[in-house]
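Overview (structure and organization)
The chain contents come next:
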Amino acid sequence: MHVLSPYRPDLATVQEVIQETATIKTLRIVFDDQKKMQSFSFRPGQVGQLSIFGVGESTFVINSPPTRKEYLQFSIMRVGEVTHRLHQLNHGDQVGVRAPLGNGFDHEAMKGKDILFIGGGIGMAPLRTLLLYMLDNRRDYGDIMVIYGARSPRDLCYQYELDEWKAGGVNLVLTVDNEFPGWKERVGFVPTVLSEESPMPHNRVAIVCGPPIMIKFVLFGLKELGFDDEQIVTTLEKRMKCGVGICGRCNIGSKYVCVDGPVFTRAQLNEMVTEL
Amino acid sequence: MGNAIRYIALDKLTRVLGRLSEILDVWVPTASEEKKRLVRFMPYQAGMIPELVEQSTLGPKGALLPQVESLFRFIYEKDPDDASHKRVELEDPVAPKPTLIFGVRPCDARGFLLFDRVFSAGPHIDGLYGARRDLTLLATLVCLEEDAACFCSSVGGGPADRQGSDLWITPIGDGYVVEALNDRALHVMDLLEEPANELQTAAATKVQQEAAERRVGNLICDQSRSNFLQRFDDLNYWQQMAGQCLSCGICTFVCPTCYCFSITDELKGMRGERIRSWDSCMFYTYTLEASGHNPRPTRLERYRNRIGHKFSYIPEKYEGIIGCCGCGRCIRSCPVSIDIRKVVENLEEKAHACA
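All residue numbers here refer to positions counted from 1 along the written sequence of the relevant chain. Both sets of labels track the order of writing: A upward for chains, 1 upward for ligands. Totals for whole chains, interfaces and linings use every residue, but because this is a predicted model, local features are given only for residues with pLDDT of at least 70 and side-chain atom pairs only at 80 or more, for both listing and counting.

Notes on the overall build of chain B
Applied cut-off: Under the DSSP-based scheme used, a helix requires at least four consecutive residues in state H or I and a strand at least two consecutive residues in state E, with every element numbered from the N terminus. For the radius of gyration, the atoms used are the C-alpha atoms, and the globule rule reads 2.2 Å times the number of residues raised to 0.38. To sort residues by exposure, count the other C-beta atoms lying within 10 Å of each residue's C-beta; 20 or more gives buried, 12 or fewer gives exposed, and values between give partly exposed, all with C-beta atoms placed from the backbone.
In terms of regular secondary structure, chain B is built from 12 helices and 12 strands. Against the 2.2 N^0.38 benchmark of 20 Å for 355 residues, chain B shows a C-alpha radius of gyration of 23 Å, consistent with a compact globule. Projected onto its principal axes, the C-alpha coordinates of chain B cover approximately 75 × 70 × 40 Å. Each of the 355 residues in chain B was classed as buried or not, and the buried ones make up 43%.

Take a look at the structure:
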């Protein structure tokens with residue numbers, strides 16, 4: 001029997017593992033089916049479900065951009081059972097992948113605009129895919145500013161490519177929560193750094209992802225700066241199972257984060273019930 | 001299809017079921033032996049006595065959405081080229097078999113209509129459900145008697161609602177008149193004893209007409225979507241309505257329209273299965289995230305979600321369909337007597353007060 005099953009993953013193999021921080025690893029994987037790898041396309045911000053067969057499945061953003069097709073990249077914070085096992089994977093190990101799922105960022109609508117990325121901790125992962133997509137289509141976008149914060153310098157991901165971001169014309173503002181020996185960048189919480197930088201809202205889109213408390217105060221800060229709700233984009237997380245809008249658990253009111261999201265504008269969130 | 005009407009005398013029923021089960025899997029409602037009060041749908045076996053008078057405690061949803069089912073199997077093998085790695089292979093689950101569910105009620109059939117919309121009409125298609133559904137016939141019984149918890153007419157159905165059914169069974173005193181409602185059902189008609197005579201057909205028509213005239217329940221829910229949204233943040237309301245909820249999950253378990261499920265893995269040695277099983281939005285762990293955050297942390301948010309899903313979110317997503325078939329099972333089964341009709345009805349009051 002072969003039926004159309006949205007639950008059956010494709011098999012893929014880990015090509016490279018990068019230890020980003022003490023609790024975050026990045027996996028670079030390729031589909032075992034070469035044709036699938038070649039034809040695979042997605043939008044920045046779409047997610048995938050990674051499987052360890054016998055343990056389970058969890059959802060992560062594909063944080064490599066669709067413009068770079070050698071591998072799919074996922075950054076995984078070790079929190080629960082599945083992520084614990086994903087951290088044990090080595091080069092050559094197999095995983096299951098169901099991707100792409102969800103809506104992704106509307107990068108077409110952002111063309112010609114200035115862009116402000118605001119990321120905290122692992123929240124930088126979904127921003128990275130869009131950032132690199134924009135760097136690969138640099139002329140389509142205006143000024144790009146990235147405010148990226150972590151608890152300490154040791155908790156910053158993607159340190160090995162920050163120079164590439166800068167070389168692409170990114171105004172990169174890094175911050176950590178507290179002073180740290182040898183740290184020459186900013187010190188302070190992301191919302192504070194945002195108000196110090198005070199980027200102007202005119203013709204700009206702000207894309208925000210991070211821990212809930214950071215998002216809360218960043219949203220407040222953006223409002224102070226004069227950003228409209230339509231100019232603010234975020235990407236949400238929920239516990240998911242099916243990933244295709246059927247199993248019923250990742251809903252916020254009538255919206256399923258797995259198919260209607262995970263990317264929403266603040267204006268869209270305002271229309272939804274208050275159950276985050 | 002007038003020539004396709006058959007008659008099964010009461011004492012021939014088990015013979016008919018036996019004949020049917022030679023060509024397909026037959027499910028019937030039957031009382032469990034140890035507890036006579038519990039009626040549920042089971043695969044038919046010789047000697048089983050179908051319970052066709054009383055409504056089943058647990059509807060037939062498990063025949064189309066099994067309580068536990070394999071989504072696929074996986075087998076690990078040592079990589080012959082590299083002993084440090086295992087390779088995995090995936091296998092599809094066992095194919096479903098042609099099935100007939102005998103003695104479904106119109107409310108149960110209505111539950112499957114919602115399943116069909118959710119699983120088979122997109123945006124994503126669940127082919128596992130679809131394959132099983134395509135092979136399944138619903139033989140539905142005209143409903144002769146409601147009880148105090150029934151309200152099928154309030155949510156678009158009714159005791160003689162044929163929607164979603166393939167065979168239509170009308171009880172007349174000493175037997176059942178059965179007609180095929182579509183071509184899918186024709187191939188089993190020959191197995192159903194003798195053709196019905198004119199008297200039997202006339203008696204059936206009368207029973208059907210009487211059933212069609214009954215209006216079961218008086219809940220009005222055409223405004224429930226907007227009423228619900230207005231009540232959403234009124235936690236006092238939810239405390240009043242569901243403060244006594246125990247989060248036991250029986251309402252979702254017995255509900256013909258509750259389809260929410262979990263997916264988990266089971267592994268034994270080098271082989272295992274990914275399993276889909278019924279889940280309940282009444283459980284704390286349903287939405288619990290690995291970080292410890294839970295968007296529906298108490299019974300109130302969870303019960304609110306159940307009402308919202310059925311009377312607001314499903315109608316919004318799926319062309320106005322109400323996610324409730326009015327069977328009344330959640331009302332009968334609730335250990336603390338929560339009545340979904342009362343909860344939906346009272347949504348409205350504040351809306352009036354505000355206006």
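Here the narrative resumes.
Focus on the overall build of chain A
Worth spelling out the cut-off: Note on contacts: each residue gets a C-beta atom placed from the backbone, and two residues are in contact if those atoms are within 7 Å.
Helix and strand content of chain A: seven helices and 15 strands. Over its C-alpha trace chain A gives a radius of gyration of 18 Å, about what one expects of a compact globule, namely 19 Å for 276 residues. Considered along the principal axes of its C-alpha atoms, chain A spans approximately 60 × 45 × 35 Å. With 276 residues in all, chain A has 49% of them scored as buried. A separation threshold of at least 6 residues defines the contact pool for chain A, and within that pool the share at least 24 residues apart is 69%.

Examining the interface of chain B and chain A
Taken together, the 45 residues of chain B in the interface contact 37 residues of chain A. At the level of secondary structure, the elements contributing two or more residues to the side of chain B that touches chain A comprise β4 (68-78), β5 (86-91), α3 (106-120), α4 (127-134), β11 (261-268), β12 (271-278) and α10 (299-317) of chain B.

Some words on the packing of helix α8 (residues 235-242) of chain B against α10(B)
Residues and elements named next belong to chain B. For clarity, the threshold we go by: Working convention: axes come from line fits to C-alpha atoms, limited for helices to the stretch in contact. Angles between N-to-C directions cover 0 to 180 degrees. Angles below 35 degrees are treated as roughly parallel, those above 145 as roughly antiparallel, those between 65 and 115 as roughly perpendicular, and all remaining angles as oblique. Each residue gets one label: Ala, Val, Leu, Ile, Met, Phe, Trp, Tyr, Cys and Pro are nonpolar, Asp, Glu, Lys and Arg are charged, and the others, such as Gly, are polar.
For the pair α8 and α10, the least separation of the axes is 9 Å and the interaxial angle reads 85°. Taken as axis vectors, α8 and α10 run roughly perpendicular relative to one another. Contact with α8, carried on its side by Leu 235, Trp 238, Gln 239 and Ala 242, involves Arg 299, Leu 300, Tyr 303 and Arg 304 of α10 and no other residues of that element. Taken together, the residues of the contact of α8 with α10 sort by class into five nonpolar, one polar and two charged.

Side note on the sheet that holds strand β7 (residues 114-120) of chain A
Residues and elements named next belong to chain A. For the record, the criterion: Between any two strands, at least two bridges found by DSSP are needed for them to pair.
One open sheet holds the seven strands; their spatial order is β10-β9-β8-β7-β11-β12-β15, and the pairing between them is mixed. The two strands at the open ends of the sheet, each matched to only one other strand, are β10 (186-187) and β15 (263-265). Where strand β8 (residues 144-150) and strand β9 (residues 170-176) come together, seven bridges link them in parallel fashion. Bridge pairing links Met 145 to Asn 171 in β9. Packing of helix α5 (residues 190-197) onto the sheet brings it into contact with β7, β8, β9 and β10, and relative to β8 it is tilted by some 150°.

A look at helix α3 (residues 124-136) of chain A
All names here are of chain A. To keep it simple, the criterion reads: In this scheme, a helix's expected span is set at 1.5 Å multiplied by one less than its residue total.
Here α3 is 13 residues long and its end C-alpha atoms lie 18 Å apart, about the 18 Å a rise of 1.5 Å per residue gives. In terms of residue burial, α3 counts as a mostly covered element, since 11 of its 13 residues are buried. Those residues of α3 that sit buried are Met 124, Ala 125, Pro 126, Leu 127, Arg 128, Thr 129, Leu 130, Leu 131, Leu 132, Tyr 133 and Met 134.

Side note on the packing of helix α7 (residues 224-231) of chain B against α10(B)
Residues and elements named next belong to chain B. Stated formally: Less than a right angle of anticlockwise turn of the near helix away from the far helix marks a crossing as left-handed, whereas a clockwise turn marks it as right-handed.
Running from amino to carboxyl end, α7 crosses α10 at an angle of 125°, the nearest separation of the two axes being 9 Å. Here α7 lies oblique to α10, going by the angle between them. Between α7 and α10 the crossing geometry is left-handed. Note on element contacts: α10 touches α7 through Ile 307, Gly 308, Phe 311, Ser 312, Pro 315 and Glu 316, opposite Ser 224, Arg 225, Phe 228 and Leu 229. Of the residues in the contact of α7 with α10, the class split is five nonpolar, three polar and two charged.

Here we look at the domain arrangement of chain A
All names here are of chain A. To keep things clear, this is the line we draw: What counts as a domain boundary in this text is fixed by an automatic or database domain assignment.
The domain architecture assigned to chain A consists of domain 1 (10-101) and domain 2 (114-235). When each unit is reduced to the centre of its C-alpha atoms, the spacing between domain 1 and domain 2 is 24 Å. Contacts between the two partners involve 16 residues from domain 1, matched on the other side by 13 residues from domain 2. Across the side of domain 1 that touches domain 2, the residue classes tally to eight nonpolar, six polar and two charged.

Regarding the nonpolar core
Applied cut-off: Put simply, a nonpolar core is buried Ala, Val, Leu, Ile, Met, Phe, Trp, Tyr and Cys residues tied into one set by C-beta atoms within 7 Å.
Residues A:Ile118, A:Val146, A:Ala206, A:Val218, B:Ile101, B:Phe115 and B:Ala139 are the most contacted members of the largest nonpolar core, which totals 165 residues. Ignoring sequence-local partners within four residues, the contact set of B:Phe115 consists of B:Leu64, B:Leu65, B:Tyr129 and B:Tyr259.

Description of the pairing of strand β6 (residues 94-101) of chain A
Residues and elements named next belong to chain A. Among the eight residues in β6, seven count as buried, and that is most of the element. By the bridge criterion, four bridges tie strand β1 (residues 10-19) to β6 in an arrangement that is antiparallel. Across the sheet, Thr 13 pairs through a bridge with Gln 94, a residue of β6. Across four bridges, strand β3 (residues 47-52) lies against β6 in antiparallel orientation. Bridged to Gln 49 within β6 is Arg 98.

A closer look at the sheet that holds β11(B)
All names here are of chain B. Across the sheet, four strands lie side by side as β5-β4-β12-β11; this open sheet has antiparallel pairing. Both edges of this open sheet fall to β5 and β11, since each of them pairs with a single strand only. Direction aside, the axes of adjacent strands within the sheet are offset by 25° on average.

Quick notes on the environment of B:Leu192
With respect to the secondary-structure elements, B:Leu192 resides in the loop between α5 (186-189) and β10 (194-195). Each C-alpha atom, one on B:Leu192 and one on B:Val16, is 5.9 Å from the other, the two residues being 176 residues apart in sequence.

Some thoughts on the environment of A:Gly210
When you line up the elements, A:Gly210 lands in the loop between β11 (204-209) and α6 (212-225). Excluding residues within four positions of it along the chain, A:Gly210 makes contact with A:Gly119, A:Gly120, A:Gly121, A:Gly123, A:Val190 and A:Ile215.

Brief notes about the domain arrangement of chain B
Residue and element names in this part refer to chain B. Taken as a whole, chain B is organised into domain 1 (2-213) and domain 2 (224-354). Domain 1 and domain 2 are separated by 25 Å when their C-alpha centres are compared. Taken together, the 33 residues of domain 1 in the interface contact 27 residues of domain 2. When residues of the side of domain 1 that touches domain 2 are traced back to their parent elements, those giving at least two are β4 and α3. At 10 residues, the largest contribution of residues to the side of domain 1 that touches domain 2 is made by β4.

Some thoughts on unusual backbone geometry
Cis geometry marks the peptide bond from A:Ala99 to A:Pro100; its omega dihedral reads -5°. Within the secondary structure, A:Pro100 is located in strand β6. With an omega of 10°, the peptide bond between A:Gly261 and A:Pro262 qualifies as cis. With respect to the helices and strands, the residue A:Pro262 is situated in the loop between β14 (255-256) and β15. Although it is not a glycine, B:Glu319 adopts a positive phi angle of roughly 50°. In this fold, B:Glu319 is placed in the loop between α10 and α11 (329-333).

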